[in-house]
Amino acid sequence: MESAIALTRFYHPLLTGSYSHHLRSLSLFNSTPIFPKLSSVKYPFATISPARFIVTASSSPLSPSTTVAESQGLEIKSVPTKPIEGQKTGTSGLRKKVKVFMQENYLANWIQALFNSLPPEDFKNGLLVLGGDGRYFNKEASQIIIKIAAGNGVGKILVGKDGIMSTPAVSAVIRKREANGGFIMSASHNPGGPDYDWGIKFNYSSGQPAPESITDKIYGNTLSISEIKIADIPDVDLSQLGVTKYGNFSVEVVDPVADYLELMENVFDFSLIRSLISRPDFRFTFDAMHAVTGAYAKPIFVDKLGASLESIANGEPLEDFGHGHPDPNLTYAKDLVNILYGENGPDFGAASDGDGDRNMILGRRFFVTPSDSVAIIAANAQDAIPYFQSGPKGLARSMPTSGSLDRVAQKLNLPFYEVPTGWKFFSNLMDAGKLSICGEESFGTGSDHIREKDGIWAVLAWLSILANRNKDKRSGEKLVSVADVVTEHWATYGRNFFSRYDYEECESEGANKMIEYLRDLISKSKAGDKFGSYVLDFADDFTYTDPVDESVASKQGVRVVFSDGSRIIFRLSGTGSAGATVRIYIEQFELDVSKHDMDAQIALKPLIDLALSVSKLKDFTGREKPTVIT
């Protein structure tokens, strides 16, 4: 027996290498796999019987040591590991190529670093939620996360069936079930598949993304991590609803739609929306882009609201999103755009992204910018959405988002906040009771019903506005359209012409040099300086002081604001998985109704040309054209 114990010291299922040959000697024991075998990475399997013996730490110079302890009726193994470079989280978690995450211990290191960063009372014997967008590697990652959670003393994991649960649904489930937090496996709007992207982030107990105070700790711990704690349990069958117990630890596989649908029914008047969708003179199309909202579209739009099944396009979630790019914008949702701009197109079209938190809204031959969308929802919320029947508490937008929402807040006499990009900044305001409706120009819109942006919520909000405007229209009467709602809003508030130019996967060195050049330029600029035909009001690198916790976020984007209110903003995105994404935002306000029908690219051309000239973007990045224009 002693020789068998000595041999097992050399093994742990997270490790690969020369020690695996010792496992052949253990075949005399009953075998139980204790870690999943990934399809593209070779992980050896232990063939040990936990009930027969306990392995203690080894001082052998031949291999790393492995320890096993008893906790909650489980065997917990301590796996030696080393820091791995590049595990700093961006705007929405850690995102890399799938093959990076599939490297030895890469995901496991980050998950363990997270537990090392949290106060024990935030997870010990507690409840955590786990879900994802259905992309490639999620199923294997689910097993890793579950076992490390158990190894660190978590009491229970709630996981969506097949590992699927949208980002807004995870937030909703955390809040309803009063969970300690949750893991979201997603790279959001980035492509999926073996050669593309994967991501992970952690949301806290109110359902909000972990604040920078925690993500900074996680990164710090990835630089010093030395062990991974993992429970010796078999893979969990995620295809069947129900509870599986291992000692005092349990995993409950749940319907990923149920809690979220219940919340939507409490926020919106489903009978009002159904009255619109069921009209023979109203046609509706929702494009799930083969992403996670495909799991939600039929139960909500078809089963509950009476839409035809044919109104759901690309409704089956796929690991590679059907070889598509699940980003709902005019470039990557081109099929939907073609349908809405085609002959006799539907009255209303919408799309959502990989993990279900973004949205695009279209009318017949009409695109609604995300900046206008959140402003219009806010202006109509009290009349059209029961959740806001007492009026919104406050409004907020990310700094690069156009000033459309500012004007609504002013007219409705509501508190208004301008925050950096990242939903965690909105969440603080929501938790403090200061904010109800908010949005980002990057196709993210939401409210304080959860602590994430929410694609389906935005679609339901627009359907509620249209249903409310048309509730007294008889069959055969002309319906109030999406275009009617938007142009009426412009007539009331003025139009903020807005566009964003994205230059994806630029060389990081050149992109960073461009931003440093701009910071130096604005440090030398002063009010009254001429930039072409524009006169400078002010220029800065946006800094935000949170009114709730007084935390400071600096270097959030270079702003150049002119005396007529026009703005140019430059920033690097934190949502990519490779290189750097340069984003340029251009905005100009127009009160004259006679000019509201102009094409945004024509109206903004002088500012766009100025932005490219001032930034020397071509010189720094070598890019001639943007990847995406919105």
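Residues numbered from 1 in each chain as written. Predicted model: local features only at pLDDT ≥ 70, side-chain atom pairs only at ≥ 80, totals over all residues. Heavy atoms only, no water.

1. Some points on the overall build of the protein chain
Note the following rule: In this text, helices come from DSSP runs of H or I with a minimum length of four residues, and strands from runs of E with a minimum of two, each type numbered from the N-terminal end. Each residue's exposure class comes from its accessible area (1.4 Å probe, protein chains only) as a fraction of the maximum for that residue type: buried when under 20%, exposed when over 50%, partly exposed otherwise. We call two residues contacting when some pair of their heavy atoms lies within 4.5 Å. Shrake-Rupley sampling with a 1.4 Å probe provides the accessible areas, and residues are treated as covered by the protein chains on show and by no other component.
Along the backbone of the protein chain there are 19 helices and 28 strands. In the protein chain, which comprises 630 residues, the share counted as buried stands at 59%. Long-range contacts, defined here as pairs at least 24 residues apart, represent 72% of the contacts in the protein chain between residues at least 6 apart. With an accessible surface of roughly 24,200 Å², the protein chain has 48% of that area assigned to carbon and sulfur atoms.

2. Regarding helix α13 (residues 423-431)
The element α13 is largely enclosed, with a buried count of 7 among its 9 residues. Within the sequence span of α13, burial applies to W423, K424, F425, F426, S427, L429 and M430. Looking one or two places after α13, you find G433, whose phi comes out positive at around 75°.

3. Details of the pattern of salt bridges
What counts is decided by this rule: Here, a salt bridge means any side-chain nitrogen of Lys or Arg that lies within 4 Å of a carboxyl oxygen of Asp or Glu.
Under the defined criterion, the tally for this structure stands at 40 salt bridges. In this structure, D235 and K147 form a salt bridge, with 2.7 Å as the shortest nitrogen-oxygen distance. On the criterion of sequence distance, the pair formed by D235 in the loop between β8 (227-231) and β9 (242-246) and K147 in helix α4 (residues 138-151) is long-range, its members being 88 residues apart. Judged by its relative accessible area of 40%, D235 falls in the partly exposed class. Judged by relative accessible area, K147 falls into the buried class, the value being 0%. The partner of E418 in a salt bridge is R397, with the nearest N and O atoms 3.1 Å apart. With E418 in strand β17 (residues 416-419) and R397 in strand β16 (residues 395-398), the pair connects residues that are 21 residues apart, well separated along the chain. The exposure class assigned to R397 is buried, which follows from its relative accessible area of 4%. Residues joined by salt bridges that share partners form a network here, namely R397, D406, E418, D540, R559, R567 and E587.

4. Focus: unusual backbone geometry
Of note, N413 is a non-glycine position whose phi angle comes to about 55°, a positive value. N413 sits in the exposed class, given a relative accessible area of 69%. Not every positive phi belongs to a glycine, and K555 is a case in point at roughly 50°. Looking at the element boundaries, K555 is found in the loop between β24 (552-553) and β25 (558-562).

5. Focus: the packing of helix α3 (residues 106-117) against α4
Selection criterion: Axes here refer to lines fitted to C-alpha atoms; in helices the fit is confined to the stretch in contact. Angles between the N-to-C directions go from 0 to 180 degrees. Each crossing gets its hand from how the near helix is turned against the far one by less than a right angle, where anticlockwise is left-handed and clockwise is right-handed. Classification used: nonpolar for Ala, Val, Leu, Ile, Met, Phe, Trp, Tyr, Cys and Pro, charged for Asp, Glu, Lys and Arg, polar for all others including Gly.
Relative orientation of the contacting elements α3 and α4 amounts to 35°, with a least axis distance of 10 Å. When you trace α3 past α4, the crossing you get is right-handed. Each of L107, A108, I111, Q112 and F115 in α3 lies in contact with α4, whose residues at this interface are A141, I144, I145, I148 and A149. Grouping the amino acids of the contact of α3 with α4 by side-chain chemistry returns 9 nonpolar, 1 polar and no charged.

6. Describing the nonpolar core
Just so we agree on the cut-off: Residue types Ala, Val, Leu, Ile, Met, Phe, Trp, Tyr and Cys, when buried and joined through side-chain atoms within 4.5 Å, form a set referred to as a nonpolar core. What marks off one domain from the next here is an automatic or database domain assignment.
Of all hydrophobic cores here, the largest spans 75 residues; its most connected members are F268, F301, F348, L460, W462 and L463. By residue number, the principal contributor to this core is helix α14 (residues 455-470), which donates 11 residues. Counting contributing residues, this core receives three or more from each of domain 1 (76-255) and domain 2 (260-493). Here F268 is in contact with I273, I385, P386, W457, L460, A461 and S464, once residues within four sequence places are set aside. With 51 residues, the next largest nonpolar core counts F123, I157, A231 and V253 among its residues.

7. Some remarks on the sheet that holds β16
Here is the rule we go by: Strand pairing is assigned whenever DSSP detects at least two bridges linking the two strands.
Ordered by their spatial adjacency, 4 strands build an open sheet running β17-β16-β18-β19, and the pairing between neighbours is mixed. The sheet terminates laterally at β17 and β19 (444-447), the two strands that pair on one side only. Recorded for the sheet is a direction-independent mean angle of 15° between the axes of neighbouring strands. Of the strands in this sheet, β16 and β17 are in contact with helix α12 (residues 404-412), which crosses β16 at around 165°.

8. A look at the side chain of N470
Along the chain, the position of N470 falls in helix α14. Overall, the relative accessible area of 3% leaves N470 in the buried class. Not counting residues up to four positions away in its chain, the partners in contact with N470 are L276, R279, L479 and V480.

9. Section: the sheet that holds strand β12 (residues 312-313)
Paired through their backbone hydrogen bonds, the strands of a sheet run either parallel or antiparallel. Judged by pairing direction, the sheet is mixed, and its 5 strands sit side by side in the order β12-β11-β13-β14-β15 without closing on themselves. Looking along the sheet, the strands with just one partner apiece sit at the ends: β12 and β15 (366-368). Strand direction decides the pairing type here: strand β11 (residues 284-287) and β12, joined by 2 bridges, are parallel. Residue pairing in the sheet places F286 in a bridge with I312 of β12.

10. Overview of the environment of F282
Its location among the elements puts F282 in the loop between α8 (270-277) and β11. With relative accessibility at 8%, the residue F282 sits in the buried group. With 199 residues separating them along the chain, F282 and S481 place their C-alpha atoms 9.8 Å apart.

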